[in-house]
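# A structural walkthrough
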Amino acid sequence: MKALFVLTKREFASYFMTPVAWIFLMIFVSLSGLLTFYAGDFFGRGQADLQSFFLFHPWLYVFLIPAVSMRMWAEERRSGTIEMLMTLPVSTGELVLGKFLAAWAFVGIALILTLPMWLTVNYLGDPDNGVILMSYLASFLIAGTFLSLGSCVSACTKSQIIAFVSAMMASLLLTFLGSDALINLFSGVATEKVMKLFQSFGFLIHFLSLTRGVLDVRDLLFFISFSGVFLFATVIVLDHKKAV
Amino acid sequence: MITLENVTRKFGSFVAVDNLSMTVPKGQVLGFLGPNGAGKTTTMRMISGFLTPSAGKITVCGYDVAEDPVEVKRHIGYMPEVASSYGDMTVLSFLNFITEARGLFGSAKEKAVEKVIADISLSNVLYQPIDTLSKGYKRRVGLAQALVHDPAVLILDEPTEGLDPNQKREIRTLIRDLQKDKSIIISTHVLEEVEAMCSRAVIIDKGKIVLDDTPRALISLSETHQTLFVLIASYQRERAQTVFNEMAQITVTDVKQESDEAFLFTLIPKGRESVTADVVEALRRQDIKILDMFIEKGRLEEVFYAFTSPDRELKDPNA
Ligand SMILES: Nc1ncnc2c1ncn2[C@@H]1O[C@H](COP(=O)(O)OP(=O)(O)OP(=O)(O)O)[C@@H](O)[C@H]1O
Ligand SMILES: [Mg+2]
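A brief structural summary.

The rules behind each value
- Residues numbered from 1 in each chain as written.
- Chains lettered and ligands numbered in written order.
- Predicted model: local features only at pLDDT ≥ 70, side-chain atom pairs only at ≥ 80, totals over all residues.
- Heavy atoms only, no water.
- Donors = N, O, S within 2.8 Å, 3.2 Å for Na, K, Ca; no water.
- Helix = DSSP H or I, 4+ residues; strand = E, 2+ residues; numbered from the N terminus.
- Polar contact = N/O pair within 3.5 Å; in protein donor to acceptor, adjacent residues only side chain to side chain.
- Contact = heavy atoms within 4.5 Å.
- Disulfide = S-S within 2.5 Å.
- Buried < 20%, exposed > 50% of the residue type's maximum accessible area, 1.4 Å probe, protein only.
- Near = heavy atom within 4 Å.
- Nonpolar A, V, L, I, M, F, W, Y, C, P; charged D, E, K, R; others polar.
- Patch = residues over 30% accessible without salt bridge, like charges linked within 9 Å, V, L, I, M, F, W, Y side chains within 5 Å.
- Areas by Shrake-Rupley, 256 points an atom, 1.4 Å probe, with all protein chains shown as cover.
- Salt bridge = Lys/Arg side-chain N within 4 Å of Asp/Glu carboxyl O.
- Pairing = 2+ DSSP bridges.
- Axes fitted to C-alpha atoms, helices over the stretch in contact; angles between N-to-C directions.
- Buried area = accessible area lost by both parts, 1.4 Å probe.

## With respect to the coordination of the magnesium ion (ligand 2)
Ideal geometry at a metal centre: 109.5 degrees between donors when four sit tetrahedrally, and 90 or 180 degrees when six sit octahedrally. Within the protein, B:Thr41 (OG1) and B:Glu81 (OE) serve as the donor atoms for the magnesium ion (ligand 2), at 1.9 to 2.4 Å. With B:Thr41 in helix α1 (residues 40–47) and B:Glu81 in the loop between β6 (76–79) and α3 (91–101), this pair connects stretches of sequence that are 40 residues apart.

In structure tokens, the structure reads:
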């Protein structure tokens, strides 16, 4: 437990040693704001909520989270530091969890930096703060799921670029599974049932239901179990591939 | 205490370590030698739990590496061949991290870090990012990282590679000091180092042990072992030659004029035993004066070459 904390602390600190981290924070905060105001028609909607703000989060994550997760294992493997790391007296599970938690906390910081948005809507009107809190939670959860996916992809390769691109494609696919666009595309081909099944595996539908303020345990479990599976897969990949 | 029982490691169909068995008791410093690609690093990675053997069993301090990897890692200090530290961290923060990850906190941590900084002489680079250190200093940080928790077993993969002569010396002294309550395996390509700090030398080639003995015993396998160089005054040269020719147990391989007054004879014993006493006695009986004399102990390098070079004739170490 203490070891997990030590590992997480180091990984977290290491984010701020690379420019990528600062760029990530800057892009995330500014882009999430800009998208809300321009694409999301924040003022035009005339409603005091953050719906349009959260709507864009999964799409931002699809491109930005892989930039955070690509380094996780690929860089350790490329530089060879993985050898030192994996001969410390900690289990592979703790190592994976430590890196994951650090990355998640880092993305958490990015979310915290968007709090001015929340203050703004409260200043402009009278939003349902419960829904906003839930939406933040949902956003944080889906970010965690993307990160665990990225962690698994990063463990498979020594190249950060490959890790980035593959994680992005995979995230895109999983998000897309739940989107209307895909549903419309296949509505003629697949039966209703198949579409429903597809959709239930899509990230978007679970995310959207949470951001509407409906606290459904199944949505929470969906993200948590998805993350669990990817992290577990990371452990397996590492134990098999670490030295190759 | 380290034991390897019939350990094999394959990469695909390539056998990097081939049915290797050995035991390293407490108090032993084992020099692990072999040509490039012999399987030294692979073996050390398996002991440290980084690589899993394809077959065989490894135990460290009584714990099975396959069954109890975390407990094994707790007892090992391992210095990998490459990249044994995070380049973006400073020396001090890296050592603090490693010490904490090894379960030492508070004053125990501070004491351990302070001691290792003194032992490895790192005090003047503490706040420098490791990336900006010279190669030798990087190696030293790697060594510090392996020693900081005072482990019962040390696995060092070419620890002195890239160190300056002074540092090499200090590390040798350090390792000799650490020796008494630890099992240590050191791989190296610097053969004098083995004589200086190891109590046992194992030479492997193509994943198999080819020689395993004390450095002194290995040296005695050298072609030039017990070769005698005798300096004789010029006016006694002829007589000395006759004396040597009459001795059945030696061959004169070389006679060289050293100066106007002296000749140097090179005598190789036909057997493995020392012929010094016989030679001295034979010369004394003829009243031939020995101006100077020295005995070649042999060189590990020759033995290494004889047993691992691609064009070696197969030799029996007991012949
Ligand atoms: N991950 C790997 N995949 C394939 N082959 C490998 C791998 N690691 C090592 N080998 C091979 O195993 C053999 C032994 O390598 P190893 O690194 O153990 O040699 P070594 O004795 O440490 O050599 P050196 O003196 O050069 O350090 C080499 O032929 C190497 O190419
Ligand atoms: Mg090696």
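## Points about the side chain of B:Thr188
Residue and element names in this part refer to chain B. Relative to the elements of secondary structure, Thr188 occurs in the loop between β8 (183–187) and α7 (191–197). Within polar-contact distance, the side chain of Thr188 engages the side chain of Glu193 at 2.8 Å. For Thr188, the contacting residues outside a window of four places in its chain are Phe32, Leu33, Glu158, Thr160, Glu193 and Val194.

## Description of the state of the cysteines
Tallied over the entire structure, the rule returns 0 disulfides over all chains. The thiol sulfur of A:Cys156 is not disulfide-bonded, and the nearest other cysteine sulfur, from A:Cys152, lies at 5.0 Å. With no disulfide partner, B:Cys198 has as its closest neighbouring cysteine sulfur the one in B:Cys61, 19 Å distant. The exposure class assigned to B:Cys198 is buried, which follows from its relative accessible area of 9%.

## Overview of the site of ligand 1
Residue and element names in this part refer to chain B. The local shell around ligand 1 holds 15 residues, among which Lys40, Thr41, Thr42, Glu81 and His189 are the closest. With respect to ligand 1, the backbone of Gly37 contributes an N or O atom lying 2.8 Å from an oxygen atom. Take Lys40: an N or O atom from its side chain is 2.7 Å from an oxygen atom of ligand 1. Looking at the shell around ligand 1, the elements that each hand over two or more residues are β2 (14–24) and α1. With 3 residues, the top contributor of residues to the shell around ligand 1 is α1. Tallied by class, residues from the shell around ligand 1 come to 6 nonpolar, 6 polar and 3 charged.

## Some remarks on a nonpolar patch on the surface
Residues and elements named next belong to chain A. The grouping of Ile23, Met26, Ile27, Leu31, Leu34 and Tyr38 at the surface amounts to a nonpolar patch, some 610 Å² of accessible area in total. With respect to the secondary-structure elements, Ile27 resides in helix α2 (residues 19–37). Under the relative-accessibility criterion, Ile27 is labelled partly exposed at 33%.

## What about the sheet that holds strand β13 (residues 262–269) of chain B?
Residue and element names in this part refer to chain B. Spatial strand order, β12-β13-β11-β14: 4 strands in an open sheet with antiparallel pairing. The open sheet has two edge strands with one neighbour each: β12 (250–257) and β14 (290–296). Pairs of neighbouring strands in the sheet enclose a mean axial angle of 20 degrees, with direction left out of account. As defined by bridge partners, strand β11 (residues 227–233) adjoins β13 across 6 bridges and the pair is classed as antiparallel. By the bridge assignment, Val230 is partnered in β13 with Phe265.

## Brief notes about the pattern of salt bridges
Enumeration according to the criterion identifies 20 salt bridges over all chains in this entry. Residues joined in a network through salt bridges with shared partners are A:Arg10, A:Glu11, A:Glu76 and A:Lys99.

## A word on the sheet that holds strand β4 (residues 55–60) of chain B
Residues and elements named next belong to chain B. Reading across from one edge, β2-β1-β4-β5 is the order of the 4 strands in this open sheet, with antiparallel pairing throughout. A strand with exactly one partner marks an edge of an open sheet, and here the two such strands are β2 and β5 (63–64). With 7 bridges joining them, strand β1 (residues 2–11) and β2 adopt antiparallel strand pairing. When the bridges of β2 are listed, Val7 appears paired with Leu20. Across the sheet, α1 is in contact with β1, β2 and β4; its angle to β1 comes to roughly 120 degrees.

## A short note on the interface of chain A and chain B
Often, the extent of an interface is quoted as the loss of accessible area upon association of its parts. Across the boundary between the two partners, chain A contributes 24 residues, which contact 25 residues of chain B. Of the roughly 2,400 Å² buried at the junction of chain A and chain B (both faces included), carbon and sulfur atoms supply 66%. Considering only the surface of chain A that becomes buried against chain B, A:Glu83, A:Met84 and A:Pro89 emerge as the three largest contributors, covering 29% of it. Along the contact surface separating chain A from chain B lie 2 salt bridges. We note a salt bridge from A:Lys9 to B:Glu100, for which the minimum N-O separation is 3.2 Å.

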